[in-house]
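# Topology and contacts: notes
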Amino acid sequence: MTCCADFDRLMDRDLARNAQPYQLTNGTIITEIDTEYFFVFGDDRHQFVGINYCPFCGRVLSRQLWNQEKKK
């Protein structure tokens, strides 16, 4: 379950993933964002790009930003 139906469709097409960084074994994480949500690029060996916000609804997805908002 994600924040919106549009992001669900990305995940269904394997263009985005919801996983812990250590679970992403078939590729390389190319960002330093503390998140569980990643865009997936490439065919054989994937590149994962962590995302802070949902590109469709704007909801905060990264733990880093969520924790900063919680501390305010």
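Let us look at the structure shown here. (Residues numbered from 1 in each chain as written. Predicted model: local features only at pLDDT ≥ 70, side-chain atom pairs only at ≥ 80, totals over all residues. Heavy atoms only, no water.)

### Quick word on the pattern of salt bridges
Oppositely charged side chains are able to pair whenever their charged atoms sit close together. By the definition in use, this model includes 4 salt bridges. Close ionic contact of Arg63 with Glu36 constitutes a salt bridge, the shortest N to O distance being 3.0 Å. Taken together, the residues Arg63 in helix H2 (residues 63-71) and Glu36 in the loop between strand E2 (27-29) and strand E3 (37-41) connect sequence positions 27 residues apart. On the accessibility criterion, Glu36 (24% relative accessible area) is partly exposed. (Salt bridge = Lys/Arg side-chain N within 4 Å of Asp/Glu carboxyl O. Helix = DSSP H or I, 4+ residues; strand = E, 2+ residues; numbered from the N terminus. Buried < 20%, exposed > 50% of the residue type's maximum accessible area, 1.4 Å probe, protein only.)

### Quick notes on the side chain of Thr2
Topologically, Thr2 is positioned in the segment before helix H1 (5-12). What makes Thr2 buried here is its relative accessible area of 12%. Of the polar contacts made by the side chain of Thr2, one reaches the backbone oxygen of Cys4; its length is 3.2 Å. In this structure the side chain of Thr2 is engaged in a polar contact, spanning 2.7 Å, whose partner is the side chain of Asp8. Leaving out residues up to four positions away in the same chain, Thr2 has contacts with Phe7, Asp8, Met11 and Tyr37. (Polar contact = N/O pair within 3.5 Å; in protein donor to acceptor, adjacent residues only side chain to side chain. Contact = heavy atoms within 4.5 Å.)

### Observations concerning the sheet that holds strand E4 (residues 46-50)
Taken in spatial order, the 4 strands make up an open sheet running E1-E3-E4-E2, and their pairing is mixed. Each end of this open sheet is capped by a strand with a single partner; those strands are strand E1 (16-18) and E2. Taking each pair of neighbouring strands and ignoring which way they run, the sheet shows an average axis angle of 30 degrees. Summarising the sheet, E2 and E4 pair through 3 bridges and their orientation is parallel. Along E4, the bridge assignment pairs Gly27 with His46. On the sheet, H1 packs against E1 and E3 and is oriented at approximately 100 degrees with respect to E1. (Pairing = 2+ DSSP bridges. Axes fitted to C-alpha atoms, helices over the stretch in contact; angles between N-to-C directions.)

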